[in-house]
Amino acid sequence: MFRFSSFVLLAGAVATTVAQVPVYGQCGGSSTTTTTSSPTTTSVASGALPSSFKWSSSAPLIYAKSDSEMLAGIKDPSIIYYNGAYHVFASTAKEAGYNLVYITFTDFSQAESATFHYLDATPIGTGYRAAPQIFYFAPQKLWYLVYQNGNAAYSTNTDMTNPSGWSAPKTFFTEPSIVQQNIGSGYWVDMWVICDSSNCHHFSSDDNGHLYRADTSVSNFPAGWSQPVIALKDSPDNLFEASNVYFVNNEYFLIVECIGTDGRRYFRSWTSPSLTGTWTPLAATQSNPFAGAANVAFSGTPWTKDISHGEMIRTNVDQTMTISACNMRYLYQGVSPTASGDYNALPWQLGLLTATNSPC
């Protein structure tokens, strides 16, 4: 998620600069079955990640309703498949600002008609909230919704499907000094939490070419965070925002949204054996991206040229962010190539990418 006064995106050359950081902690991951109250861990079938990706895109599936909210767009989705249904948390966008919405449906054919539960009417409250991430923190038997509210915020719920059950916003930490020193004219955005067997890790971006990571122990979560460090750095266009980090086939998989030489959004990707280790480029160029115009096929004229902020569909819903490389699907935001004007007022919509070169 990012805020422009107008829809003008700067272009930059594609480069790869990987910042090395000390290696500590442990790798690990587990999966989750879908029970009504307390998901439990089990194994997930997984193949090795391919060195290049190919996708087909759906038409827009979720978009702003014509209702009293008078939204311009729906953005920044976080999605899980749990108890026989898809559950989507997303940003609601309009020129006046951002908040959050919850949507659930059993099949994507029902997404258009699904009820929008606006979370500003819950204890999450009004004001700026954006870029959610949903997961079940198994050690506490609690659902966490992580989001930005100017700082790194979260709410908890014993029943993720009950919108009124979310707690009022709390803060992991406020904007750290390392971000203030490096952010330039960017924004501190797009919080992401993933845990290994010992520690939880908080990733965030600054729209200025830096990916940050802070750590705490699983037993101390959501408190006890270390001072963030720069986990990865590059030019602002080549390491922009909207990071996702997953555990796949005994390694960690990072994707970050970037801005191409044509001004359009796409994703680069990296792998690492550890959440605190060096990130090695995988599909990390505009011509060979994780997802972008170069490798996404549409039926007919593409409805968007931007493959922007999204999330992999997870059937494992716990804090390990474990996914399979088999038959991946990625819910993303796109916008009409002819859209213009204030960034917050653009008609962003959500579409679904389906892998067409699954390794298994």
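Residues numbered from 1 in each chain as written. Predicted model: local features only at pLDDT ≥ 70, side-chain atom pairs only at ≥ 80, totals over all residues. Heavy atoms only, no water.

*Asks:* Before we go on, may I ask you to explain the state of the cysteines in this structure?
*Replies:* A covalent bond bridging the sulfur atoms of two cysteines is what the word disulfide describes. The final tally for this structure, using the stated rule, is two disulfides. The disulfide partner of Cys195 is Cys200, and the S-S distance across this bridge is 2.2 Å. Judged by the sign of its S-S torsion, about 100°, the cystine formed by Cys195 and Cys200 is right-handed. Just as Cys195 is buried, Cys200 falls in that class too. Each sulfur of the disulfide joining Cys326 and Cys360 lies 1.8 Å from the other. A torsion of -115° about the S-S bond marks the disulfide between Cys326 and Cys360 as left-handed. One end of the pair, Cys326, is in the loop between β21 (308-312) and β22 (329-334); the other, Cys360, is in the segment after β23 (349-355), and 34 residues separate them in sequence. Given a relative accessible area of 45%, Cys360 falls into the partly exposed group. Cysteine pairing for the protein (bonded cysteines numbered in sequence order): 1-2, 3-4. (Disulfide = S-S within 2.5 Å. Buried < 20%, exposed > 50% of the residue type's maximum accessible area, 1.4 Å probe, protein only. Helix = DSSP H or I, 4+ residues; strand = E, 2+ residues; numbered from the N terminus.)

*Asks:* Explanation requested: the sheet that holds strand β18 (residues 265-272) in the structure shown.
*Replies:* Sheet strands associate in pairs through backbone hydrogen bonding, adopting either a parallel or an antiparallel arrangement. In spatial order, the strands read β16-β17-β18-β19; together these four strands make up an open sheet with antiparallel pairing. Two strands lie at the open edges of the sheet, namely β16 (241-248) and β19 (280-281), each paired on one side alone. Judged from the two bridges that link them, β18 and β19 form a sheet pairing that is antiparallel. Residue pairing for β19: Thr271 is matched across the bridge by Thr280. (Pairing = 2+ DSSP bridges.)

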